[in-house]
Each structure stands twice: as structure tokens, then as C-alpha cells.
Amino acid sequence: EPEVTQTPSHQVTQMGQEVILRCVPISNHLYFYWYRQILGQKVEFLVSFYNNEISEKSEIFDDQFSVERPDGSNFTLKIRSTKLEDSAMYFCASSEGGRGAGELFFGEGSRLTVL
Amino acid sequence: DQQVKQNSPSLSVQEGRISILNCDYTNSMFDYFLWYKKYPAEGPTFLISISSIKDKNEDGRFTVFLNKSAKHLSLHIVPSQPGDSAVYFCAASRTTSGTYKYIFGTGTRLKVLA
């Protein structure tokens, strides 16, 4: 069964360092997303991406964050200068359709710990 | 601004009985709703969805009911099994406005007792 894969599964970094989280979405999907979950809190939308550009982003997704699809398979989230409050589980997701319809398929997540 | 709320943080049910998980939303523009199940250290897994043109959708042991006037949806699991023990999230979206995001509730931890 096709699945979304994410690397690394866990990354520990020092405050102020850059972090890149990588995702390989399901191959025939066209819409890509990043969500995050701070420990014990709800899953929060960060950004959606379609046709090589950001479709929508939340207020969390400030200038420290960027996304890229550098080739035909990878979808990356970069945090330029990490803060303590960026510590969270980051989930990549993809879907066949967009516009809020159709199920999202999530990866297993990348846990980011900022010290 | 909590647009999607799951007011019960946890629920315990005996194996074989019905589990009912509830979700309320405030934005009347939401027209597509999903339920996800999440095990620890894993990503959310899609369970079932419902469009606002329906009031019920069924898939095996899982049924989702939508009450648009009350802005309320519920997930029924019957019969409940120990493997259903997980955190359940409801999510909502607007399909008509060009938005691409789902708003998740805070989750309900279901424990099915053997």
C-alpha cells in the first residue's frame, strides 16, 4: 500500500540552527501539506502546497519556515533558525484532491527537539 | 480560536459495546468532515469522512453522523474492540472557498477495555 514517508524520525538540534525535514508523498498525489503537533496539543495546519507553490499557510508559518519540492518526489520543510517552541511532531501529508475534500494520508512524523 | 472542538478528552468503553465520540464546530462554512485515528508515535490514519450533503456515512463498524443545524458530528464504533484504543481526531474543511487546510479538534483518547 502506498504511503507517505518522512525522515528523520527524530532530530535534536540547538536553538538557532537550521533544520530540514523531508517527506516523500504518495506518488500520484498532487497536494502536499505540513502539520505539526506540540506534545499533548491538537494537530495544527502549517502549509499546503500545489503546483510548485504555497496554496495556503497558517499564522504559525512565518518567515522562519519555507517549503520546497526540489525534485519530483521530495517535499521539504525548512526551519531557518529554530526556537524552543518549534519542538513538536511534524507531519507531512498528501492528497489526490485539494480544496479540503478527500482524505489526507499522513506520514509517521518527524519529532523535532530544540534545546 | 477553536473552530473544531472535542470536549471529551478521554472515553473508556467495554469491549463489544458502542463507542460514541463527539465533535462540535463553530464555522457554518465547513462542509466536509473527517475522522482520524492516531496511535502514539504514528501519523493520523484516515477512518471515515462525510460531506455536508449527507447526514450519515457508514463503513463497516464505523458510522459518522452529521447534524448541521447543531454543528455537531459524532463517530460511532460498534462493536468496539481493544485495537480501537487510540486518540481520535475530527477534522473539518471548507471545500468551496479554495482553502486547502483541515482544522483538527483536540482529540479524544478512546480506551476499549477487554
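Preceding this paragraph is the structure being described.
The structure reproduced in this document is the subject of the present report.

Quick look at the overall build of chain A
Thinking step 1. Each helix and strand in chain A was counted, giving zero helices and 11 strands.
Thinking step 2. Principal-axis analysis of the C-alpha atoms gives chain A an extent of 35 × 30 × 30 Å.
Thinking step 3. The 115 residues of chain A split such that 47% are buried.
Thinking step 4. When contacts within chain A are restricted to residue pairs at least 6 apart in sequence, those whose partners lie at least 24 apart make up 54%.
Thinking step 5. Carbon and sulfur atoms provide 45% of the accessible area of chain A, an area that totals close to 5700 Å².
Thinking step 6. Averaged over its 10 positive side-chain charges, chain A has a centre that lies 5 Å from the centre of its 16 negative ones.

Observations concerning the overall build of chain B
Thinking step 1. Looking only at helices and strands, one finds zero helices and 11 strands in chain B.
Thinking step 2. Along the chain direction, N to C, the helices and strands of chain B fall in the order β-β-β-β-β-β-β-β-β-β-β.
Thinking step 3. With the C-alpha coordinates of chain B rotated into their principal frame, the extents come out at 45 × 30 × 20 Å.
Thinking step 4. Looking at chain B as a whole, 48% of its 114 residues are labelled buried.
Thinking step 5. Across chain B, contacts joining residues at least 24 apart in sequence account for 55% of those joining residues at least 6 apart.
Thinking step 6. Accessible surface for chain B amounts to roughly 5300 Å². Of this, 48% is attributable to carbon and sulfur atoms.
Thinking step 7. For chain B, the centre of its 13 positive side-chain charges and the centre of its 9 negative side-chain charges are spaced 4 Å apart.

Concerning the nonpolar core
Thinking step 1. Judged by nonpolar contacts, the single largest core of 24 residues is most densely connected at B:F33, B:W35, B:L73, B:L75 and B:Y88.
Thinking step 2. Sorting the residues of this core by element identifies β3 (19–25), β4 (32–38), β5 (45–51), β7 (62–67), β8 (72–77), β9 (86–93) and β11 (108–113) of chain B as the ones contributing at least two each.
Thinking step 3. The element that contributes the greatest number of residues to this core is β9(B), accounting for four residues.
Thinking step 4. A:W34, A:V47, A:F49 and A:I60 belong to the second-largest nonpolar core, a separate cluster that totals 22 residues.

So, the pairing of β4(B)
Residue and element names in this part refer to chain B.
Thinking step 1. The buried count for β4 comes to seven of seven residues, which makes it a mostly enclosed element.
Thinking step 2. What you see with β4 is no split at all: Y32, L34, Y36 and K38 on one side and F33, W35 and K37 on the other are buried throughout.
Thinking step 3. Pairing of β4 with β5, which is carried by six bridges, proceeds in the antiparallel orientation. Paired with F33 across the two strands is I50, which belongs to β5.
Thinking step 4. Taking the residues between adjacent antiparallel strands as the criterion, β4 and β5 are bridged by six residues, where A41 takes a positive phi near 60 degrees.
Thinking step 5. Relative to β9, β4 runs antiparallel, the two being bridged by seven bridges.

The rules we used
Residues numbered from 1 in each chain as written. Chains lettered and ligands numbered in written order. Predicted model: local features only at pLDDT ≥ 70, side-chain atom pairs only at ≥ 80, totals over all residues. Heavy atoms only, no water. Helix = DSSP H or I, 4+ residues; strand = E, 2+ residues; numbered from the N terminus. Buried < 20%, exposed > 50% of the residue type's maximum accessible area, 1.4 Å probe, protein only. Contact = heavy atoms within 4.5 Å. Areas by Shrake-Rupley, 256 points an atom, 1.4 Å probe, with all protein chains shown as cover. Lys, Arg positive; Asp, Glu negative; His and termini not counted. Charge placed at Lys NZ, Arg CZ, Asp CG, Glu CD. Core = buried A, V, L, I, M, F, W, Y, C linked by side-chain atoms within 4.5 Å. Pairing = 2+ DSSP bridges.

No statement about biological role is implied by the geometric values presented.
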